[in-house]
Every structure is written in structure tokens, then in C-alpha cells.
Amino acid sequence: MPKISMKVNGKTMSGEAEGRTLLAQFLREELDLTGTHIGCDTSQCGACVVHVDGVAVKSCTMFAAEAEGAEVTTIEGMANEDGSLSVIQQAFQDHHGLQCGFCTPGMVMSAAALLKDNPKPSEAEIRDYLEGNLCRCTGYHNIVKAIMAASGQDVGAIAAE
Amino acid sequence: MPKDHGIGASPKRREDVRFLTGKGRYTDDIDIHGQAYVHFLRSDVAHGRIKAVDTSAAEAAEGVIRVFTGADFEGVGGIPCGWQVTDRHGEPMQEPAHPVLAQGKVRHVGDPIAAVVAETYEQARDAAEKIVLDIEELPAVVDMKAALKDGAPKVHDDLTSNLCFDWGFVEENKDAVAEAFDKAHHVTTLDLVNQRLVANPMEPRVALSDYAAHSDESTLYTTSQNPHVIRLLMGAFVLGIPEHKLRVVAPDVGGGFGSKIFHYAEEAFCTFAAKQLKRPVKWTSSRSEAFMSDAHGRDHVTTIQLALDEEGHFQALRTDTHANMGAYLSTFSTSVPTWLHGVLMAGNYKTPLIYVNVKAVFTNTVPVDAYRGAGRPEATYQLERVIDKAAREMGIDPVELRRRNFITEFPYATPVAVEYDTGDYNATLDKALEIADVAGFDARAKASADKGLWRGLGMNCYIEACGIAPSALVGQLGARAGLYESATVRVNATGGLVVMTGSHSHGQGHETSFPQVIADMIGIDENMVEIVHGDTARVPMGMGTYGSRSLAVGGSAMVRAAEKVIAKAKRIAAHLMEAAPEDVELKDGAFSVAGTDKSVAWGDVCLAAYVPHNYPLEELEPGLEETAFYDPANFTYPAGAYICEVEVDPETGKVRVDRFTAADDFGNVVNPMIVDGQVHGGLAQGIGQALLEACAYDENGQLVSASYMDYAMPRADDLPMFQVDHSCQTPCTHNPLGVKGCGEAGAIGSPPALVNAVIDAMQRNGRDVTHIDMPLSPARVWTAMQG
């Protein structure tokens, strides 16, 4: 099997992959980065979102080979250097933006991509952006709230805290 | 001021850190050295006779270790059903065999026929394509009423028909109910469908089994809400493995919503194959596979009738429901349309006479079992829709009609076998009306009209029975299990505690909320308490988490065990302080003797228990660890009122939920943040049912909604921010925490409010539409508008 190398969370990593191996699979099985989750097989659920060269992608829509030489960031690379939670991660914890945790890595990666492009998104913009990330636990209420809070907006007025 | 610790506080969830950093340990994240992978070849026809399965080419394929078929399981037990229903004539239900791999016939699309075990997943999948099947396709039954007609194809040849049971409840009331209908001033009748849904936890199911030949021990890692139940069902009924040789672990589990309660064939297969092959065997479901192998939910077709007097007082209620069982009986399938549904038909109301008839039917579809709410959403939907229809027919305000019939005195024995211990339905209704700003509706309706949209407002009440359940009662009703819960509280020598609970968290946050209770009882920091769950080797026994029972039943067991620990610790403290045990008090983490300045810290007592130098050894054993089993005296009865406002686009029929208010009475609340989150999630699933979701079969039994391309899951832009409140609290009277459970309320209470709101929008705009079946898709709503 061909050997593939990429820079993942700042470290050069390599592993073997068949031509048909998806990036999501490669991260989980070859690199043991099991924080990236696989929740569907039609690229709908978004649990596998990672950043490839700074762009949010569903890692089930890319072959591992396509990411050869790329810079990849996964949920394992999102905490601060000292290990503390980043602003977005902390906001998810503060506002109970996760329950079972399975969709969470994809949500955090999508949220980070959104806030990079749109530092102060409205509720409607957040909901629109998250259209490709399914969550079955939270009803999205607290995810939306967490992302607004992470962007520095006052969420005190949002009901049902 | 909100509390900052203990019961009533909302500490941040400790489990979140691992989930937010990618360090969760879900079943698929576990690999065992040398593991093989299994791929199941599943039926692509709904009904057929298996004439031959030729596995020779597959067995010769690269990497294949072995191919299994139904023949390999002939001496093995079938997947059992955990609840035997007795029909209206006193006869037991018809209970078909459910082999691990199909034998003789396939009975639904997705029924597993063969299993290929190979060195890699890809090899297993590739080899499965080389299996040659000779299946004679048979006519399929999909529609329940057609399945009951004479001459309909039989799903199970050895049963007398496709009728699993014909259940009447309460059968003795039937004639009195009919008489009340004959005399009634007004009768409202409604035909409705509670459509089939798929639970869809975001984590697909996984099973990984390991076998240790030297000790003859099997270990199964599985995505389960109740590992002990799986150990019992799989060990005792399927594979014949005694419990001391079988360990079941359910690590981090990515949501369940009921679908991970049941014992599934894939778990038994992996455990069986691991032992045969002397290798670990792993199965990871794809989402497409999940759609055709996870038990589905709901799927009831009902006619409901409500009899009223001139003032709108309910005189009698009767329902006639067909409930789809699918092709086999899943673990709790038969309890859902009966004891989790019929006993809720009184709702929040003083209806003196009720008769519920349920015909459970086998069809060539995926088995149907409990999904968030399980029977109670079906009951609530019928009842709250027919009440709304009756209100319109009689010209009575729907809020007023409900108030007129509310149960207001407790305890209240319903005519359908349960006794509500406590509640205040006017309080939650008043709260919902206040938060929803119903007074401002007209202004909002005008604003909508200015945009060319129709605004409607709908409401409903609900009650549910949670905290399942008194074992003696459910035993009489047909349950083949006790429904207690267990907990062990282990105090370490330096004062920290570990609680081993039979409840299981798959998103509910037990690791955070359970310590809040213990911390309050002892007066110590929550961080001194660790929760262990999900492992039969570490937790003595567990019936698991479903039916909103974790805190009400599992939490109560934990409280009972902690009480025993405290009682023993007080005796140790009494010895240390040379006082009588009955004079010792525990407060803020210290024991003291009333009326003196004597005091000894919690930690010192714990140390004495394990270093018993100065210790009453003649009276007490060393150590500080206690186990309790808690069997509830009654169900708990959360209740509330929900209000929904929608905007309907008359051009397209598209419905948008603009406002949704939920006022719930959950009794006492341990962690308000977690309770809010549970309600939010339930609301999303209820709104999903009302507006979007449908599991659809065509007339040949092909599953046409088998991926997220076709099954409409609620997405972030389908939902509004929710207004939720649980400040109305009538504590449960029979469990030590006074808690009722909050996990299912949102899913139970929300569909009727939404449908009532859409009907309201229609009526306000001159359309004589009295009912639209869920999901209220644009096509259905638009068609209904055209009259």
C-alpha cells in the first residue's frame, strides 16, 4: 500500500492507505486520531469535519491520498498549547453545547471555520452555516448559543438558560 | 441566586473536556490486537425464501477467515423478547423465533443472511459481494391492515396469522365506555397516523467481542444503554454463556434515544464468532446499515373518539390502534403500544371511562421498539389532537376545555391502572401561557400577514409515566425482568468516593449530576466523587438508562447506598468521639455530637474505617462500602404544557416554527443546565417528527428513506431558540430525591402543539382543515390548503 504523509496538528505524520481510503478513515485507523468521528456514509452528518490547509472539509469526502502533503487540523489539535480548552471549546462547555459528544468534534471544527470567516455571526448565520452538521442531542439551541458566546457576543438574553 | 454547588447547581460537565478534545472513548475507538472484521450480507428483498447461500467464492477470497450463515446458528438461541403481552381473551401473544442470522426466510430488507469475517473491513465487504444467493421472493406485507386480512402473506409461516396480539385495556370497561358514547352530548372522532421514525443517534452501533480461551471468558464492547441487560439476554437466552464468564462494556456511547436498549443480533454474532475463531471480532455499522438494522420507533395507526357532555366535560375515551411490530419482536417492542401507551390515555384529565384496543401486527419491515418517549408520545398525540378538535367542534377555547377537565386532586387513580402521585397542571399551563406571550399573538399574526404568511398558535398538555418501574407490577404486566436499579458507593481511605451505578450515560451527564447529589448528602466537594458506569465487571447490576429513569431509579439507589455508608460512618464517628451514634450529625463534611463541640472530619472517619486502630471492631467490619438496590414504589409522572407558534407560507405550504415554549414539572431538579439540554433535545426530536421525519417503505417493503439524503433529520436551520421552564415543581412523593425524570418530555409533548398550531393557522385563514398527518411537509400542508 502506498505511504502517505501529511502535517497533522503541526506534526508530520505518515501511514499506509489504499487508493480508496478516505481521509476520515486514515486519521482514525492509521494515525489513531479517533476524535474525528464517522456518523454517516453520505457526507451529510459532519461529525468528521477537519481543516485541510485551513479550509473546513468533511474528511469522508476526501481520499487520504488527496491530503498528501497538506496541513490538517483535527479536534485533537484545537486546544491551547498548554492543554487548556480554546475559546470555542470552552464556550461549548460553558453553555452545555454537547451531550453525547459524538457530533462535537465536527461542530467545533465547523464553528472555528465559521468564526474565522465571520467573527460576529448572527443566530441565523450560525444556523445556516451548521446546516451540514447534524446533532441529535442538543436541538442545536446550546450549540448556537455557544458559538455566539465564543464570538464575544452577549448571550445573556437568549432564553432558557 | 443560582446555587453554585450541590443539588440545584449547574456545574460545567466534567465529561465535556474529553469530548471537546477528541479524547472520548467510543466503542469504535477501541481496537484489540489481532481483531478481525465482520461484514453482514443483508437481504435486499422484504420477504423471501432462502433456497441456497453459496459462500464458496467468498470463503476463497483474500483475507477471509470464515463465512457464517444461519446454518451455523441452528443450535444457538434466538434473540429474545423481554415482555409477554396477554391478549383480550387471556391468551399469550404470538412470539416468533428470531435467529441471529436468517434461517429459511428473510423477513425484512436488512435481515442479515450471512456474515463474512476477514482480516480487514474492506476484505470482508469485498468478499460479501461474492456470496451467491438464491432467494425466492415472496409477496411482502407492509400495510398493517392489509397484513391482517384473510389470505395475506404470512411473515412467519408457523404462526396462525400476522396478528401478534389483540389487546384490550381495560377490557372490563368496554361496554361501559360504549354506553357512555351512546349517551354523550358530543362525540369527536379523529383518524391519525403516528408515523414510523428512526432514532438516529449520531454514533452508529458497534460491537467488538474478545474471547480468552484460557479462562473461557468473553468480553463484549458495545454501544448499549444497558450493558447488564445485554449480558443477561445474550448470555442466558442466545449463547448460553453464564454471567461470570461474560463481561459487557458500554464505554462512551454517542446517543441512544431508546435504539441502544435492545439486544441485537450483531452483538451475539460477534461474541459467538470470537469464541469460534479465537480472535476478537469487530463490527461497525454504517449509517445505511443502521437505517435497516436499528429498531425503528412509533408506527401506529389510530382512530380515537372522545365523548363530551354539554359543558365539555370528558365522559369517555376510546381508541383503536394498529401498532407495527415489524418482522420480529425486538426486546421491549410489545410493551410500547400496550403498557407504555394505554396507561397514559387519561392524560392530565378526569376522564372516567377509557377503553384502549391495540392490535400488534407483524409486517415485512425492520422491527419497531422504544424510541424516545416510547408509547407516551403516541398516547399524547392522539389525546391532545382529539381534544383540540373537540374544542373547535364545540366552540370552546382549547385552553379552557383542558382546564375544565384537569385532574386537580392528588393522588389520583386513573381508570387505566396508574395512580398519579402529584402534579399541578394549571401551574405549568399558566407558566407556559405567560412565557409564550400569548397576549402578543395577534400583533405577531398581523406582522406575519403583512409578509403574506399565516401564523397559528397551538398548545397541548402532556403527562408521562417515567422511572420504570415497580418490579412486582411490571412482572404482572408481562415484563420478563425486574426494573430496579443498583448502586455501590465505595469510600476510599482518604475520603474520596466512587459510585458504581447501573444507570448508563450516553449524553445525559451522570458523571456531573450524580456527584452533585452525593456531595450534598455528605457536604463535600463534588470533585471528591467519581462515577463509574457501563461495565458489568465494575458495577454489580444494572437495568440501565431509558424511560427517563436514571435519576429517579438509579439516583435513588445511589442515595440509598450513600445513606447506608453515612449510617456506618456515623457509628465509626460515634466511636471516635465517644458518643452515641444517634447523637451524631453529619454536616459540611464533618461529624459532630449535638450539644457539644466534639467534631471529626469526614476524611478522618474514612481513614479509621480502613486503618482500624481505634475502631469498634467487635461491632463493625472495617471498610466503608455499601450497595443498594432500589425498586420504585410507583412510576413518576412528569407533566407540562407546551405552546408552539408557526408561520405557514400559503404559496408553498412550508411551515416554520417561530416560537416554542415548554413549561415542565419535573419535580426537584438536580442540574438545571442539564435538564434544559434534555428538554431542548426532546423538543428537536418532537418537532422533527411533526415537521420533517418519516421512515418510508414502498408497497414492496423497500426502505426508501435509508440515508440522510432521504430521511429528513432536523438541522440547525429548521429549529428556533426554545423557551423552556421547569420552575413549577411538585416533587415526586415516593423517591428520596423527589425527582421525576426529564429525558423524554420534549419528544412527548411537542408534536401535538405543532400540529395544533398549523391547524390553527389554517382555520384562522378560512380553511376548514381539521387534521394533517405528520410530518407536515410542504406538499401535505399545501394540498390540505387547497381543500
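Residues numbered from 1 in each chain as written. Chains lettered and ligands numbered in written order. Predicted model: local features only at pLDDT ≥ 70, side-chain atom pairs only at ≥ 80, totals over all residues.

Colleague: How do you make sense of the overall build of chain A when you look at a structure like this?
Modeller: Helix and strand counts for chain A stand at five helices and five strands. For 161 residues, the compact-globule estimate of 2.2 N^0.38 gives 15 Å, and the C-alpha radius of gyration of chain A, at 16 Å, lies within 12% of that figure. Taken along the three principal axes of its C-alpha coordinates, chain A extends 55 × 35 × 25 Å. The buried share of chain A, reckoned over its 161 residues, is 57%. The long-range share in chain A, meaning contacts at least 24 apart out of those at least 6 apart in sequence, stands at 57%. (Helix = DSSP H or I, 4+ residues; strand = E, 2+ residues; numbered from the N terminus. Rg over C-alpha atoms; globule rule 2.2 N^0.38 Å. Buried ≥ 20, exposed ≤ 12 C-beta atoms within 10 Å, placed from the backbone. Contact = placed C-beta atoms within 7 Å.)

Colleague: What is the right way to read the overall build of chain B from this model?
Modeller: Each helix and strand in chain B was counted, giving 19 helices and 28 strands. The C-alpha atoms of chain B give a radius of gyration of 27 Å, which matches the 28 Å a tight globule of 787 residues would have. On the principal axes, the C-alpha backbone points of chain B span a range of 85 × 70 × 55 Å. Considering only contacts within chain B whose residues lie at least 6 apart along the sequence, 80% involve residues at least 24 apart.

Colleague: Before we go on, may I ask you to explain the interface of chain B and chain A in this structure?
Modeller: In many analyses, interface size is given as the accessible surface area lost on bringing the parts together. Residue-level contacts link 47 residues of chain B with 46 residues of chain A. Counting only elements with at least two residues in the side of chain B that touches chain A, the list comes to helix 1 (16–20), helix 8 (287–293), helix 17 (672–691) and strand 28 (722–725) of chain B. Looking at which element gives the most residues to the side of chain B that touches chain A, the answer is helix 17 of chain B, with eight residues. Considered class by class, the residues forming the side of chain B that touches chain A number 21 nonpolar, 15 polar and 11 charged. (Nonpolar A, V, L, I, M, F, W, Y, C, P; charged D, E, K, R; others polar.)

Colleague: Is there a simple way to explain helix 17 of chain B in this structure?
Modeller: Since the α-helix packs 3.6 residues into each turn, any two residues three or four apart lie on the same face. Taking 1.5 Å as the rise per residue, helix 17 of chain B with 20 residues should run 28 Å; its terminal C-alpha atoms sit 28 Å apart, in good agreement. Burial runs high along helix 17 of chain B: 19 of the 20 residues are buried. (Expected span 1.5 Å × (residues − 1).)

Colleague: How do you make sense of unusual backbone geometry when you look at a structure like this?
Modeller: The general pattern is negative phi for most residues beyond glycine and trans for most peptide bonds. With omega at -5 degrees, the peptide bond leading from Phe169(B) into Val170(B) counts as cis. Note on placement: Val170(B) falls in the loop between strand 7 (163–169) and helix 5 (174–183). The peptide bond linking Phe410(B) to Pro411(B) adopts the cis configuration, its omega dihedral lying at -5 degrees. Positionally, Pro411(B) belongs in the loop between helix 10 (398–405) and strand 16 (412–413). In this structure, Asp32(A) is a non-glycine residue whose phi angle is positive, near 60 degrees. One non-glycine residue, Asp299(B), lies in positive phi territory at about 70 degrees. For Asp299(B), a count of 27 C-beta atoms within 10 Å gives the class buried.

Colleague: Just checking my understanding: could you explain the sheet that holds strand 26 (residues 639–648) of chain B for this structure?
Modeller: Residues and elements named next belong to chain B. Taken in spatial order, the four strands line up as 18-26-27-28 in an open sheet, and their pairing is mixed. For this open sheet the edge positions go to strand 18 (454–463) and strand 28, each flanked by a neighbour on one side alone. Taking the axes of each pair of neighbouring strands and ignoring which way they run, one obtains an average angle of 10 degrees across the sheet. Summarising the sheet, strand 18 and strand 26 pair through 10 bridges and their orientation is antiparallel. (Pairing = 2+ DSSP bridges. Axes fitted to C-alpha atoms, helices over the stretch in contact; angles between N-to-C directions.)

Colleague: How do you make sense of the pairing of strand 4 (residues 55–58) of chain A when you look at a structure like this?
Modeller: One face of the sheet, then the other: side chains in a regular strand alternate in exactly this way. All names here are of chain A. Pairing of strand 3 (residues 49–52) with strand 4 involves four bridges; the strand directions are antiparallel. Paired with valine 50 across the strands is valine 57, a residue of strand 4. The antiparallel hairpin formed by strand 3 and strand 4 contains two residues in its connecting segment, where aspartate 53 sits at a positive phi of about 50 degrees.

Colleague: Help me understand the domain arrangement of chain B, please; the structure alone is not making it clear to me.
Modeller: Residue and element names in this part refer to chain B. On domain assignment, one finds that chain B holds domain 1 (27–138 + 205–284), domain 2 (296–468 + 634–785) and domain 3 (484–630). Listed by partner, the interface residues are 22 residues for domain 1 and 24 residues for domain 2. When grouped by side-chain class, the residues that make up the side of domain 1 that touches domain 2 number 11 nonpolar, eight polar and three charged. (Domains from an automatic or database assignment.)

Colleague: Is there a simple way to think about the domain arrangement of chain A in this case?
Modeller: All names here are of chain A. In terms of domain boundaries, chain A breaks down into domain 1 (3–77) and domain 2 (87–150). Here the C-alpha centroids of domain 1 and domain 2 sit 21 Å apart. Each partner contributes to the interface: domain 1 provides 14 residues, whereas domain 2 provides 11 residues. By residue number, the principal contributor to the side of domain 1 that touches domain 2 is strand 3, which donates three residues. A per-class count over the side of domain 1 that touches domain 2 returns seven nonpolar, seven polar and no charged.

Colleague: Honestly, the pairing of strand 1 (residues 3–8) of chain A in this entry has me stumped. Any pointers?
Modeller: Residue and element names in this part refer to chain A. Every second residue of strand 1 is oriented toward a common face, the buried set being Ile4, Met6 and Val8 and the non-buried set Lys3, Ser5 and Lys7. As paired elements, strand 1 and strand 2 (residues 11–16) share six bridges and run antiparallel to each other. Looking at strand 2, one finds that serine 5 is bridged to serine 14. What sits between strand 1 and strand 2 in their antiparallel hairpin is a turn of two residues, with asparagine 9 showing a positive phi close to 50 degrees. Of the pairings in the sheet, the one linking strand 1 to strand 5 (residues 71–73) comprises two bridges and is parallel in character.

Colleague: Would you mind going over the environment of Val238(B) with me for this structure?
Modeller: Residues and elements named next belong to chain B. Along the chain, valine 238 falls in helix 6 (residues 227–239). In this structure the C-alpha to C-alpha distance between valine 238 and glutamine 516, which are 278 residues apart in sequence, comes to 39 Å. In this structure valine 238 touches Val76, Gly77, Gly78, Ile79, Val100, Leu233 and Ala268, once residues within four positions along its chain are discounted.

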